[in-house]
Amino acid sequence: MSKFFRFALWMTLLIAVLFALSLVVGAVNIPLQQVARILFLPEATLQTDPAIKPSWIYIVIQSRLPQAITAMLCGAALAACGLMMQTAFHNPLAGPSVFGINSGASLGVALVMLLFGGSLTAGSFSLTGFMAVLAAAFTGAMAVMALILLFSTMVRNNVMLLIIGIMIGYLAGSAISLLNFFSTEQGVQSYMIWGLGNFGGVSMGQLPLFSITVIAGLLGAMALSKALNALLLGEQYAENLGFNVQHVRNSLLLVTGLLTAVTTAYCGPVVFIGMAVPHVARMLLSTDNHHHLMPATILTGAAVALLCNVICMSPGAQGVIPLNAVTPVMGAPVIIYVILKQKRNF
């Protein structure tokens, strides 16, 4: 058995264990045996089982199960985006937020929460609450992605395009700061809570659309593995192999933008997973072949996000730890290690 298949097997087992823990750990203590019964027994049987409380069924099916699936898919998506950006721009510190797509989503949410009072209205059409935030985040992220794609047709140099993306992020951040300054205390608090990140924002009814979109984006990332291998040796080498570098770059931006937009809209601006996980996968697998590295990164991202979810839920009745308070603790040491390892190149 090759090293990659051993890695995939062990990582899959780890994901299964962390997924099970995500269904057990929380404010309400539900035994693992009862969680398994709730998942696999018919609903009619559960309703008549005196050992299973009705509240347990709701907690597992409507809360913990979609949250665990969301964490797994979100971690996989952000990790894949980070790998694509780091390879395409030859920058070990690149991540899914490098082009300001996260900032675009944050600006959209800030406009809804801080300027429009949490609702969007256009004639007889109206969105309020979570749906308004979701629509604003996705629209903001896709708007920035469209802007980046427009600039990519004007700028052929990857470094210049990277700088443009960073500047767009700064502009969005400046607008958000102004909105915070003129907003109410309640609006600022609501926006700050959204900015902390949360895997619990996807309901069971919204899960199919979220899952299908993320899986489609991950398949797109897998399909780009051959082009990413060519880009490792430079753009001219990729062109000599028959790749249209402009087309490949736009495809990378499109897949990254879609995955970042969807995950940020549903889960908030989750930090460090996209930047750190590709390095963890490289260190564990010791390869730069994207045919192996891409699936390894996706699996590692899913495992790391599930671990973060378990840690966030671990205080139990004392509350839930904000997601973006956990991810830097896990991601920052990896980035520091990468910088120290490559210090001669900085």
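Calculation notes
Residues numbered from 1 in each chain as written. Predicted model: local features only at pLDDT ≥ 70, side-chain atom pairs only at ≥ 80, totals over all residues. Heavy atoms only, no water. Phe/Tyr/Trp six-rings, centres within 6.5 Å; stacked < 30°, edge-to-face > 60°. Buried < 20%, exposed > 50% of the residue type's maximum accessible area, 1.4 Å probe, protein only. Helix = DSSP H or I, 4+ residues; strand = E, 2+ residues; numbered from the N terminus. Expected span 1.5 Å × (residues − 1). Contact = heavy atoms within 4.5 Å. Axes fitted to C-alpha atoms, helices over the stretch in contact; angles between N-to-C directions. Left-handed = near helix turned anticlockwise from the far one by under 90°. Nonpolar A, V, L, I, M, F, W, Y, C, P; charged D, E, K, R; others polar. Disulfide = S-S within 2.5 Å. Patch = residues over 30% accessible without salt bridge, like charges linked within 9 Å, V, L, I, M, F, W, Y side chains within 5 Å. Areas by Shrake-Rupley, 256 points an atom, 1.4 Å probe, with all protein chains shown as cover. Salt bridge = Lys/Arg side-chain N within 4 Å of Asp/Glu carboxyl O.

Engineer: Even after reading the chapter, I still don't get the packing of aromatic side chains, so can you show me in this structure?
Structural biologist: For any two aromatic rings, the description comes down to two numbers: the centre-to-centre distance and the angle of the planes. Taken as a whole and judged by the stated rule, the model has four aromatic pairs. Ring centres 5.4 Å apart and planes at 65 degrees place the aromatic pair Phe-4 and Phe-5 in the edge-to-face group. Taking the relative accessible area as the measure of exposure, Phe-4 reaches 13% and is therefore buried. Given the relative accessible area of 52%, Phe-5 is considered exposed.

Engineer: What exactly am I supposed to notice about helix α1 (residues 3-24) here?
Structural biologist: Each α-helix winds once per 3.6 residues, and so residues spaced three or four apart point in a common direction. Along its 22 residues, α1 runs 32 Å from first to last C-alpha, staying within 8% of the 32 Å computed at 1.5 Å per residue. Those residues of α1 not exposed but buried are Phe-4, Phe-7, Ala-8, Met-11, Ile-15, Leu-18, Phe-19, Ser-22, Leu-23 and Val-24. Where α1 is buried, its residues contact α2 (32-40), α4 (54-88), α13 (273-285) and α14 (290-313).

Engineer: Just checking my understanding: could you explain the side chain of Ser-22 for this structure?
Structural biologist: Note on placement: Ser-22 falls in helix α1. Ser-22 gets classed as buried once you look at its relative accessible area, which sits at 4%. Beyond its immediate chain neighbours, meaning those up to four positions away, Ser-22 contacts Arg-64, Ala-68, Leu-306, Asn-309 and Val-310.

Engineer: Explain α13 to me, please; I cannot follow it from the model alone.
Structural biologist: The terminal C-alpha atoms of α13, which comprises 13 residues, lie 18 Å apart, in line with the 18 Å expected from a rise of 1.5 Å per residue. Taken together, the buried positions of α13 are occupied by Ile-273, Gly-274, Ala-276, Val-277, Pro-278, His-279, Ala-281, Arg-282 and Leu-285. Taken together, the buried residues of α13 touch α1, α4, α14 and α15 (323-341). With its phi angle positive at about 55 degrees, Ser-286 sits one or two positions after the end of α13.

Engineer: Even after reading the chapter, I still don't get the packing of α4 against helix α12 (residues 245-267), so can you show me in this structure?
Structural biologist: Between two packed helices, both the angle of their axes relative to each other and the distance between the axes serve to describe the pair. Packing of α4 against α12 leaves a shortest axis separation of 10 Å and a crossing angle of 145 degrees. Of the two possible hands of crossing, α4 and α12 adopt the one that is left-handed. Contacts between α4 and α12 involve Thr-70, Cys-74, Ala-77, Leu-78, Cys-81, Met-84, Met-85 and Ala-88 on the former and, on the latter, Leu-252, Val-255, Thr-256, Leu-259, Thr-260, Thr-263 and Cys-267. Within the contact of α4 with α12, the residues separate by chemical class into eleven nonpolar, four polar and no charged.

Engineer: What's the story with the state of the cysteines in this structure? I'm lost.
Structural biologist: Throughout this description, disulfide means a covalent bond between two cysteine sulfur atoms. Per the stated rule, a full pass over the model turns up zero disulfides. Not engaged in a disulfide, the cysteine Cys-74 finds its nearest cysteine sulfur in Cys-267; these two sulfurs lie 4.0 Å apart.

Engineer: In this structure, what is going on with a nonpolar patch on the surface? I would like to understand it.
Structural biologist: Where nonpolar side chains cluster on the molecular surface, the patch consists of Val-159, Met-160, Ile-163, Ile-166, Met-167 and Tyr-170 and spans about 560 Å² of accessible area. Note that Tyr-170 resides in helix α7 (residues 158-182). The exposure class assigned to Tyr-170 is exposed, which follows from its relative accessible area of 58%.

Engineer: Sorry if this is basic, but what is going on with the pattern of salt bridges here?
Structural biologist: Taken as a whole and judged by the stated rule, the model has one salt bridge. As a salt-bridge pair, Asp-288 and Arg-282 come within 3.7 Å of each other at their nearest N and O atoms. Accessibility expressed as a relative area gives 44% for Asp-288, which makes it partly exposed.

Engineer: Honestly, the environment of Asn-157 in this entry has me stumped. Any pointers?
Structural biologist: Looking at the element boundaries, Asn-157 is found in the loop between α6 (129-154) and α7. Residue class for Asn-157 comes out partly exposed when judged on its relative accessible area of 42%. Taking C-alpha positions, Asn-157 is 9.7 Å from Phe-89, a pair spaced 68 residues apart along the chain.

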